[in-house]
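Below, each chain spelled out in residue letters.
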Amino acid sequence: MRSSNRNRNIERRAEYLQADQCVPPPCDGSMDRIWFIKDGCGLACVFVTWMLVFYAEFVVVFVMLIPGQHLMYSIINGIIFNALAFLALASHSRAMLTDPGAVPKGNATKEFIESLQLKPGQVVYKCPKCCSIKPERAHHCSVCKRCIRKMDHHCPWVNNCVGENNQKYFVLFTMYIALISLHALTMVCFHFLYCFEEEWLKCSSFSPPSTVILLILLCFEGLLFLIFTAVMFGTQVHSICSDETGIERLKNETVTWQKTLGWAGMKAAFDGDFSLGWFNPFSGLLCGKRAQASGDRPDVSHGEVVVVVEVPAE
C-alpha cells in the first residue's frame, strides 16, 4: 500500500462493498448552500463567544470611551476596536458556516466505485461511519459526522471542524480576537491611570464600584483570551508552515504526501501571494480547492496496490 500509516490490522477484501450497505443520503438543496453543524455544545460556545465580544464592546464604549475627556482619543480607539471586533465576528461566522472540506457522504457504493474506472490492484479506503471513500489526510469527525479533508481539530468555539477550506478564517478569528484583547487591556490600563489622577465620578458614567468591577472583568477576559487565542494562532500558523495538521501530529502519522512548507504553505492556505486579501474574512477560497473538497470523485492515486479497504473507526 502507498500510505504506510494505514498499515494496520485491517481486513482486506478483494471485492466491492454491497451497494445496499452504503446508500447515499437524499439530496437536500438547502444543505448545498450553507454548512451548519447542529451541536448543542458548539452552539452554546458560539453564543458565549459572541456575548463576550459584546460585553467587551459595552465596557470599552460606554465605560471608557464615551466618558473620556479627550475626544480624538475616544474616536480613534473606538474606530480601531470596533473594526477589529467586526472582523473577528465576521471571521468567526465564516469559520463556522464554511464547509471545512467534507468528503461526499455515502459514496462508497459498488456503482460509484466502478464509475471511477480504477486500475486493477488499486486500493481505496472506506470510512465505516459516514460510508464514504476516504481520501488521504482525511479524518472522521464524530461531531460533524463526516470525513474532513486535512482536519486539524473540531473547535466547539466555532461549532465546526478546522479543515482544508476554513482554516484561513479560523486563523483570522484567533488573530483578531488576540488583537482586540490586547487593545482592550491597553485601554483598561490607561483608563485606570486616568481615574486615579482624576475623581472616579468624572472618569465614568457608572458608580466607582461598578466601574471597577466592569474593568476588572474586562481585564480578566482580555488576558484570558489574549493568551488562548495567541497560542491557537501560533499553532495554526505552525501547522500551515509545516503542512501537518494537529491530528496528524497527535497520531504521529507517517508523512506520505508532498509537503508544502513555509511561505508556500501560507500562500496555499490564504489563496495566493501576500496581500490585504489575506486579512479579509469575506474573500472566497480557491474554486479548485472547493470543487475538489465537494466534488464527486475522491483523491485516488493510480498505480497503487481494485481493493476496497474498510478503515477502522477513528
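J.: I'm lost on the environment of Lys 145 in this one. Help?
T.: Take Lys 145: it is sitting in the loop between strand S4 (138–141) and strand S5 (146–149). Beyond its immediate stretch of four places on either side in the chain, Lys 145 contacts Lys 105, Cys 130 and His 140.

J.: Just to check I follow, could you spell out empty space enclosed by the protein for this structure?
T.: It is the rolling of a water-molecule-sized probe over the atoms that shows where space remains empty. One number sums up the size of the largest cavity: a volume of about 230 Å³. Breaking the lining of the largest cavity down by element, the ones donating at least two residues are helix H2 (40–65), helix H5 (167–197) and helix H6 (208–242). Classifying every residue of the lining of the largest cavity by side-chain character gives 15 nonpolar, 5 polar and 1 charged.

J.: I keep staring at the packing of H2 against H5 and nothing clicks. Help me out?
T.: Viewed as axis vectors pointing N to C, H2 and H5 meet at an angle of 30°, and their least axial separation amounts to 11 Å. Taken together, the axis directions place H2 and H5 in an arrangement best described as roughly parallel. Crossing angle aside, the handedness with which H2 passes H5 is left-handed. Facing Thr 49, Val 53, Val 60, Val 63, Met 64 and Leu 65 of H2, the residues of H5 in contact are Phe 173, Ile 177, Met 187, Val 188 and His 191. Tallied by class, the residues present in the contact of H2 with H5 amount to 9 nonpolar, 2 polar and no charged.

J.: So what exactly am I meant to see when it comes to the packing of aromatic side chains here?
T.: Given two aromatic rings, one states the distance between the centres and the angle between the planes to describe the pair. Evaluated as defined, the whole model comprises 9 aromatic pairs. An aromatic cluster of three or more residues is present, and its members are Trp 263, Phe 270, Phe 274, Trp 278 and Phe 279.

J.: What exactly am I supposed to notice about unusual backbone geometry here?
T.: Most peptide bonds take the trans form, and the phi angle of most residues other than glycine is negative. The backbone phi angle of Cys 131 is positive, close to 55°, even though this residue is not glycine. Along the chain, the position of Cys 131 falls in the loop between strand S2 (123–127) and strand S3 (132–133). Note on Cys 131: relative accessible area 10%, which makes it buried. Positive phi values are uncommon outside glycine, yet Asp 271 reaches one of about 65°. Looking at the element boundaries, Asp 271 is found in the loop between helix H8 (262–269) and helix H9 (287–294).

J.: Looking at this structure, how should I read the packing of H2 against H6?
T.: How two helices sit against one another is set out by the angle between their axes and by the gap between those axes. One can describe the packing of H2 onto H6 by two numbers: an axis separation of 10 Å at closest approach and a directional angle of 135°. Accordingly, the angle class assigned to the pair H2 and H6 is oblique. The handedness of the crossing between H2 and H6 comes out as left-handed. For the pair H2 and H6, the contacting residues are Leu 52, Val 53, Tyr 55, Ala 56, Phe 58, Val 59, Val 60, Val 63 and Met 64 in the first and Thr 211, Ile 213, Leu 214, Leu 215, Leu 217, Leu 218, Glu 221 and Phe 225 in the second. Looking at side-chain class alone, the contact of H2 with H6 contains 15 nonpolar, 1 polar and 1 charged residues.

J.: Looking at this structure, I do not really get H6. What am I missing?
T.: An α-helical turn contains 3.6 residues, so any two residues separated by three or four positions project in the same direction. A rise of 1.5 Å per residue sets the reference length of H6, with its 35 residues, at 51 Å; its end C-alpha atoms lie 50 Å apart and thus fit the reference within 8%. Two residues or fewer after H6 comes Asp 243, characterised by a positive phi angle close to 50°.

J.: Would you mind showing me how to read the side chain of Glu 248 here?
T.: Structurally, the position occupied by Glu 248 is in helix H7 (residues 246–250). Relative accessible area serves as the criterion here: at 0%, Glu 248 is assigned to the buried category. Discounting chain neighbours no more than four positions away, the residues touching Glu 248 are Arg 137, His 139, Asp 243, Glu 253 and Trp 257.

J.: Just to check I follow, could you spell out the pattern of salt bridges for this structure?
T.: Think of it this way: side chains of opposite charge can pair up when their charged atoms draw near. Enumeration over the complete set of coordinates arrives at 5 salt bridges. With a shortest N-O distance of 2.8 Å, Glu 248 and Arg 137 are connected by a salt bridge. One end of the pair, Glu 248, is in helix H7; the other, Arg 137, is in the loop between S3 and S4, with 111 residues separating them in the sequence. Of the two residues, Glu 248 and Arg 137, neither departs from the other in class, the shared state being buried. Connected through shared salt-bridge partners, Arg 137, Lys 150, Asp 243 and Glu 248 make up one network.

J.: Got a minute to help me understand the pairing of S4 in this structure?
T.: Consecutive side chains along a regular strand alternate between the two faces of the sheet. Side-chain alternation along S4 places Ala 138 and His 140 on one buried face and His 139 and Cys 141 on a second face that is also buried. Sheet topology places S4 next to S5; 4 bridges connect them, and they run antiparallel. Across the sheet, residue Ala 138 finds its bridge partner in S5, namely Arg 149. The turn joining S4 and S5, which pair antiparallel and follow one another in sequence, is formed by 4 residues; a positive phi near 60° is taken by Lys 145.

J.: Help me understand the side chain of Ser 239 in this model?
T.: Along the chain, the position of Ser 239 falls in helix H6. Not counting chain neighbours up to four residues away, the residues in contact with Ser 239 comprise Asp 152, Gln 167, Glu 244, Gly 246 and Arg 249.

J.: Could you clarify how one ought to interpret the nonpolar core in this entry?
T.: Side chains of nonpolar character tend, in soluble globular proteins, to be buried together. Formed by 40 residues in total, the largest nonpolar core has its most connected members in Val 60, Met 64, Phe 81, Ile 177, Leu 215, Leu 218 and Phe 270. Judged by nonpolar contacts, the second largest core, of 8 residues, contains Trp 35, Ile 37, Cys 141 and Cys 144.

J.: Sorry, what's going on with H8 here?
T.: Inspection of H8 places Gly 265, Met 266 and Ala 269 among the buried residues, and these make up the whole buried set. All buried residues of H8 lie within an arc of 100° about the axis, which places them on one face of the element. Remark: Asp 271 follows H8 within two positions and exhibits a positive phi of approximately 65°.

What counts and how
Residues numbered from 1 in each chain as written. Predicted model: local features only at pLDDT ≥ 70, side-chain atom pairs only at ≥ 80, totals over all residues. Heavy atoms only, no water. Helix = DSSP H or I, 4+ residues; strand = E, 2+ residues; numbered from the N terminus. Contact = heavy atoms within 4.5 Å. 1 Å grid on protein atoms, 1.4 Å probe; cavity = no way out; pocket = protein on both sides within 12 Å on 5 of 7 lines; lining within 4 Å. Points joined across faces, edges and corners; volume = space filled by probe spheres on them. Nonpolar A, V, L, I, M, F, W, Y, C, P; charged D, E, K, R; others polar. Axes fitted to C-alpha atoms, helices over the stretch in contact; angles between N-to-C directions. Parallel < 35°, antiparallel > 145°, perpendicular 65-115°, else oblique. Left-handed = near helix turned anticlockwise from the far one by under 90°. Phe/Tyr/Trp six-rings, centres within 6.5 Å; stacked < 30°, edge-to-face > 60°. Buried < 20%, exposed > 50% of the residue type's maximum accessible area, 1.4 Å probe, protein only. Expected span 1.5 Å × (residues − 1). Salt bridge = Lys/Arg side-chain N within 4 Å of Asp/Glu carboxyl O. Pairing = 2+ DSSP bridges. Core = buried A, V, L, I, M, F, W, Y, C linked by side-chain atoms within 4.5 Å. Arc of directions from axis to C-beta.

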